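Inside the fold
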Amino acid sequence: LEQVVWVGSMGGTQSDNFLNTIGDGKILLWKRKAEKYLMDSGVKFTIVHPGGLLNEKEGERELVVDVDDKILEGEQRSVPRGDVADVVVGCLGEEAAYDLAFDLASKKPEDGKGGAEVT
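For clarity, every value in this text was computed on a predicted model and none was experimentally measured.

Focus on the packing of aromatic side chains
Applying the stated rule across the entire model yields zero aromatic pairs. When the ring centre of Trp-30 is taken as origin, the NZ or CZ atom of Lys-33, which lies over that ring, is 4.6 Å away.

Structural data, given as structure tokens:
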């Protein structure tokens, strides 16, 4: 095993995030515990925290990357599912992505430059 690419969720730094109220609660807490276990395992990892998933065409929005849920402070907190998949595949075997966790969202097509450029 060379690398694990894990897709989690944004909102893990927010104990009051609505995802923690669904079902038995604390969904994000358990997701972050799994991520911590992965990080401590010694296996090379990449963790992607996408925002809300959109059923829209990939490659048409400018992608935004940040950490620690800072993206949730803005208005653009979502990303097309296909763009998440493209980012995940792009991280595979990419040494620059090893031992890295980041948040991912996208700008609205009219706000971005178009195309899946990462800022």
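Side note on the nonpolar core
Val-48, Leu-63, Val-79, Val-84, Val-87, Val-88, Cys-91, Ala-97, Phe-102 and Leu-104 together form the largest nonpolar core, which totals 10 residues. At the level of elements, helix H2 (81-91) and strand E6 (100-106) are the ones that each hand at least two residues to this core. Here the element with the most residues in this core is H2; it accounts for four residues. In terms of nonpolar packing, the next biggest core, distinct from the first, is built from five residues, Met-10, Val-64, Ile-71 and Leu-72 among them.

A look at the pattern of salt bridges
By the definition in use, this model includes four salt bridges. As a salt-bridge pair, Lys-36 and Asp-40 come within 2.9 Å of each other at their nearest N and O atoms. Taken as a pair, Lys-36 and Asp-40 lie in helix H1 (residues 27-40) at a separation of four residues, close to a single helical turn. A residue is classified by how much of its surface remains accessible, and Asp-40, at 53% relative accessible area, is exposed. The partner of Lys-107 in a salt bridge is Glu-62, and the shortest N-O contact between them spans 3.9 Å. Here Lys-107, found in the segment after E6, pairs with Glu-62, found in the loop between strand E3 (52-54) and strand E4 (63-66); they are 45 residues apart in sequence, far enough to count as distant. The class of Lys-107 is partly exposed, set by a relative accessible area of 28%.

Remarks on the pairing of strand E2 (residues 45-50)
Note on strand geometry: in a regular strand, side chains alternate between the two faces of the sheet. With six of six residues buried, E2 lies mostly within the body of the structure. Covered by surrounding structure in E2 are Phe-45, Ile-47 and His-49 together with Thr-46, Val-48 and Pro-50, the residues of both alternating faces. Here four bridges tie strand E1 (residues 4-7) to E2, and the two strands are oriented parallel to one another. Bridge pairing links Trp-6 to Ile-47 in E2. As a crossover connection, the stretch from E1 through H1 into E2 is right-handed. With five bridges joining them, E2 and E6 adopt parallel strand pairing.

Description of the environment of Glu-56
Considering the arrangement of structural elements, one finds Glu-56 in the loop between E3 and E4. Sequence separation of Glu-56 and Arg-81 is 25 residues, and the distance between their C-alpha atoms is 7.4 Å. Residue contacts for Glu-56: discarding those within four places in its chain leaves Arg-61 and Pro-80. Within the local environment of Glu-56, its side chain forms a polar contact with the side chain of Arg-61, the two groups lying 2.9 Å apart.

What counts as what
Residues numbered from 1 in each chain as written. Predicted model: local features only at pLDDT ≥ 70, side-chain atom pairs only at ≥ 80, totals over all residues. Heavy atoms only, no water. Phe/Tyr/Trp six-rings, centres within 6.5 Å; stacked < 30°, edge-to-face > 60°. Lys NZ or Arg CZ within 6 Å of the ring centre and 35° of its normal. Core = buried A, V, L, I, M, F, W, Y, C linked by side-chain atoms within 4.5 Å. Buried < 20%, exposed > 50% of the residue type's maximum accessible area, 1.4 Å probe, protein only. Helix = DSSP H or I, 4+ residues; strand = E, 2+ residues; numbered from the N terminus. Salt bridge = Lys/Arg side-chain N within 4 Å of Asp/Glu carboxyl O. Pairing = 2+ DSSP bridges. Right-handed = clockwise from strand over helix to strand, strands pointing away. Contact = heavy atoms within 4.5 Å. Polar contact = N/O pair within 3.5 Å; in protein donor to acceptor, adjacent residues only side chain to side chain.

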